[in-house]
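# Fold and contact review
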Amino acid sequence: MIKALLVAILLFVFSTLAFGGAPQSSPELLAKGKAVYTINCLPCHGENGDGNGPAGAVMNPKPRNFNIDKFKGGEKPEQIFKTITSGLPNTSMATFGHLPEEDRWALVYHILSYRKNAASKVGVKKKK
């Protein structure tokens, strides 16, 4: 019985990832996202996600400000994941499809945390 339950859980987890389902955000995933962001995204998007990273200063157009700018590829987690994976044509946003899938999902939730933090600082509630 326990073995069957474990197999069912593993099948669910792997099928969710294989079919493009977003994993649930967690403190561990957010921490991983921050670490992956620091290495891969901070140079352009900046420490605070405001688009003012050292490399971003010379880019045209400037990197996205995750705190307030709309996302060109969409604001849903799946859409942000696609942008991270495939990049954005005609911009400096490169593809990061070489990163493990879990790292890309971790980035999605870390990036979304900038928006949530900015909204809470000005007392704006995010639509559900």
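The structure reproduced in this document is the subject of the present report.

About the criteria used
Residues numbered from 1 in each chain as written. Predicted model: local features only at pLDDT ≥ 70, side-chain atom pairs only at ≥ 80, totals over all residues. Heavy atoms only, no water. Phe/Tyr/Trp six-rings, centres within 6.5 Å; stacked < 30°, edge-to-face > 60°. Helix = DSSP H or I, 4+ residues; strand = E, 2+ residues; numbered from the N terminus. Salt bridge = Lys/Arg side-chain N within 4 Å of Asp/Glu carboxyl O.

## Some points on the packing of aromatic side chains
- Per the counting criterion, the structure on display carries 6 aromatic pairs.
- Seen in terms of ring centroids, Phe66 and Phe71 are 5.9 Å apart; in terms of plane orientation they differ by 20°. Their pairing is stacked.
- Measuring from ring centre to ring centre gives 4.2 Å for Phe81 and Trp105, while their planes differ by 15°; the resulting arrangement is stacked. On the criterion of sequence distance, the pair formed by Phe81 in helix 4 (residues 77-86) and Trp105 in helix 5 (residues 101-121) is long-range, its members being 24 residues apart.
- Through a chain of ring-to-ring contacts, three or more aromatic side chains come together here, namely Tyr37, Phe66, Phe71 and Tyr114.

## Remarks on the pattern of salt bridges
- Under the counting rule described, the total for this entry stands at 4 salt bridges.
- Among the ionic pairs, Glu102 bridges to Lys32, the shortest N-O distance being 3.2 Å. Of this pair, Glu102 sits in helix 5 while Lys32 is found in helix 2 (residues 27-40), placing the two residues 70 residues apart along the sequence.
- As a salt-bridge pair, Glu75 and Arg115 come within 2.7 Å of each other at their nearest N and O atoms. Here Arg115 lies in helix 5 and Glu75 lies in the loop between helix 3 (42-45) and helix 4, a separation of 40 residues in the sequence.
- In this structure, a network of salt bridges that share partners links the residues Lys32, Glu102 and Asp103.

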